[in-house]
Amino acid sequence: MRVLVTGAAGFLGSHLCDALLAAGHRVAGVDNLSTGKLANLAHLTGESRFELIEHDICQPFDFGRVDFVFNFASPASPVDYMRIGVETLLVGSAGTRNALEAARTYGAGFLHASTSECYGDPVEHPQSESYWGHVNPVGPRSVYDEAKRFSEALVMAYHRYYQVDTRLVRIFNTYGPRLQGSDGRVISNLMTQALHGEDLTIYGDGTQTRSFCYVSDEIDGILRLSRSEEHLPVNIGNPVEWTILECAQQILEVTGSSSKIRFEPLPQDDPVQRQPDISKAQRLLGWEPKIDLRTGLQLSLDYFRRSVERGERATPALSSPPQAG
Ligand code: UDP
């Protein structure tokens, strides 16, 4: 098969390209490098089955016949999408439409990278696919959340009105090598800070929760979904839930760092809790994650060490509410 991957130079996009090449496919990767990095694809130089096309998918495109489209182009870390909010909304709308048009033109399969952010700051816990979410449509995170929710609606519309063979994965927090040390996410920031011997920044009191999935598990789930017939959203994430403080403790232990913890204001609308209900993925795809947080952090350690040696720094949150008093 010839497969198109948008967002190919990103964290998940680049791992997806590797997995598709390993499965024997030809891969055309598209990226405008707004948040993706060429370094994530450097090891594919000389791979004749891979081509990288530098293009912004918000502009219409036709890169020739494809059998399957994975639509992974979007800023994904809160620091990035708040910095380029309008671009984030556009890639989720115009960009997703252009990617869907490629699938429609060539009768290709289509899988869209959606997100647990569709559930917003969830009131239902854990989150199953039937939950409609609790999203602030005008808050600072809305540029991402509503882009992704619009994308889901557009993907379903292309399926219902144009019979495009679509799939929707709701990705929960994923980590591993190629997560940029400076992208401001919790694992990137805390690993980078721990390895520099700097204070670990914990936003709020650290009791908010996330459920962290190692990248190889996430990619395995996504590929299984791409081979399935399911058109409605499927959660792919690790259901083991950690407080941010517990996550920081794991990072201190894995890095052997003696960094201290420093509490900082919680960004507006930061979800209090997040945990996927993965029973649908278990039932439909026979999928569940295999790598626990401790093991995944150990598997990521060398990568973060190298990125710190290159001088990568943690990035503070962009939109903190004014401090009380
Ligand atoms: N967080 C933190 N310190 C950091 C970066 C993030 O305490 O240096 C918190 C953040 O406030 C959130 C959680 O960690 O509660 C996960 O944040 P991340 O940016 O990784 O992704 P999110 O799940 O919010 O999209």
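Below is a summary of the structure that appears in this document. Once a new chain begins, its residue numbering starts again from 1 and follows that chain's sequence as written. In keeping with the model being predicted, local features are shown solely for residues with a pLDDT of at least 70 and side-chain atom pairs are shown and tallied solely at 80 or more, while totals for entire chains, interfaces and linings include all residues. For side-chain calculations, the full set of non-hydrogen atoms in the structure is used, while hydrogens and water are omitted.

**Structural notes on the site of the ligand**
Now for step 1: Any residue with a non-hydrogen atom lying within 4 Å of a molecule or strand is treated as near it. Neighbouring the ligand are 17 residues; Val186, Thr201, Arg210, Asp270 and Arg274 lie closest to it.
Now for step 2: Distance and chemistry together define a polar contact, namely a pair of N or O atoms within 3.5 Å, with one atom able to donate a hydrogen and the other to accept it when in protein, and with adjacent residues in sequence counting only for side-chain atoms on both sides. In this structure, Val186 approaches the ligand through a main-chain N or O atom, which is 2.8 Å from an oxygen atom.
Now for step 3: For the ligand, an oxygen atom lies 2.7 Å from a polar atom in the side chain of Arg274.
Now for step 4: Coverage of the ligand by the protein amounts to 95% of the 510 Å² it exposes when considered alone. To measure how exposed things are, a 1.4 Å probe is used in the Shrake-Rupley method; for residues, cover is taken only from the protein chains shown.

**Examining the pairing of strand β1 (residues 2–6)**
Now for step 1: Taking burial as the measure, the five residues of β1 include five buried ones, the bulk of the element.
Now for step 2: Partly exposed residues are those whose accessible area sits between 20% and 50% of the maximum for their type, while under 20% is buried and over 50% is exposed, using a 1.4 Å probe and protein chains only. Under the scheme used here, helices are H or I runs from DSSP no shorter than 4 residues and strands are E runs no shorter than 2 residues, and both carry numbers assigned from the N terminus. Burial along β1 is two-sided: the face carrying Arg2, Leu4 and Thr6 and the face carrying Val3 and Val5 are both buried.
Now for step 3: For two strands to be treated as a pair, DSSP must find no fewer than two bridges joining them. Of the pairings in the sheet, the one linking β1 to strand β2 (residues 26–31) comprises five bridges and is parallel in character. Bridging across to β2, Leu4 finds its partner in Ala28.
Now for step 4: In this fold, β1 hands off to helix α1 (residues 11–22), which returns the chain to β2; that crossover is right-handed.
Now for step 5: Alignment of β1 against strand β4 (residues 68–71), held across four bridges, turns out to be parallel. Counterpart to Val5 in the pairing with β4 is Phe70. Note on handedness: a crossover is taken as right-handed if, strands pointing away from the viewer, the path from the first strand over the helix to the second is clockwise.

**Regarding the sheet that holds β2**
Now for step 1: The parallel open sheet is built from seven strands, whose spatial order is β3-β2-β1-β4-β5-β6-β11. Whereas interior strands pair on both sides, the edge strands pair on one side only; in this sheet they are β3 (50–54) and β11 (234–236). On average, each strand axis in the sheet is tilted by 20° relative to the strand beside it, whichever way the strands run.
Now for step 2: Where β4 lies against strand β5 (residues 109–115), four bridges are found, and the strand directions are parallel. Note on β5: the bridge partner recorded for Asn71 is His112.
Now for step 3: Note on definitions: a residue-residue contact is assigned when non-hydrogen atoms from the two residues lie within 4.5 Å. Lines are fitted to the C-alpha atoms to define the axes, a helix being fitted only along its stretch in contact, and any angle between axes, read from their N-to-C directions, falls within 0 to 180 degrees. Together, β1, β2, β3, β4 and β6 (165–171) form the strand contacts of α1, whose direction differs from that of β1 by roughly 170°.

**Some remarks on the packing of aromatic side chains**
Now for step 1: Any two rings among Phe, Tyr and Trp, with Trp reduced to its six-membered ring, count as a pair given centres within 6.5 Å; such a pair is stacked if its planes are under 30 degrees apart, edge-to-face if over 60, and tilted if neither. What the rule picks out here adds up to nine aromatic pairs.
Now for step 2: Between Phe61 and Phe63, the ring centres sit 5.0 Å apart and the planes meet at 10°, which makes this aromatic pair stacked.
Now for step 3: What makes Phe63 partly exposed here is its relative accessible area of 23%.
Now for step 4: Considering the side-chain rings of Tyr119 and Phe172, the 6.1 Å spacing of their centres and the 40° angle between planes classify their relative orientation as tilted. Of this pair, Tyr119 sits in the loop between β5 and α4 (142–162) while Phe172 sits in the loop between β6 and β7 (174–175), and the two are 53 residues apart along the sequence.

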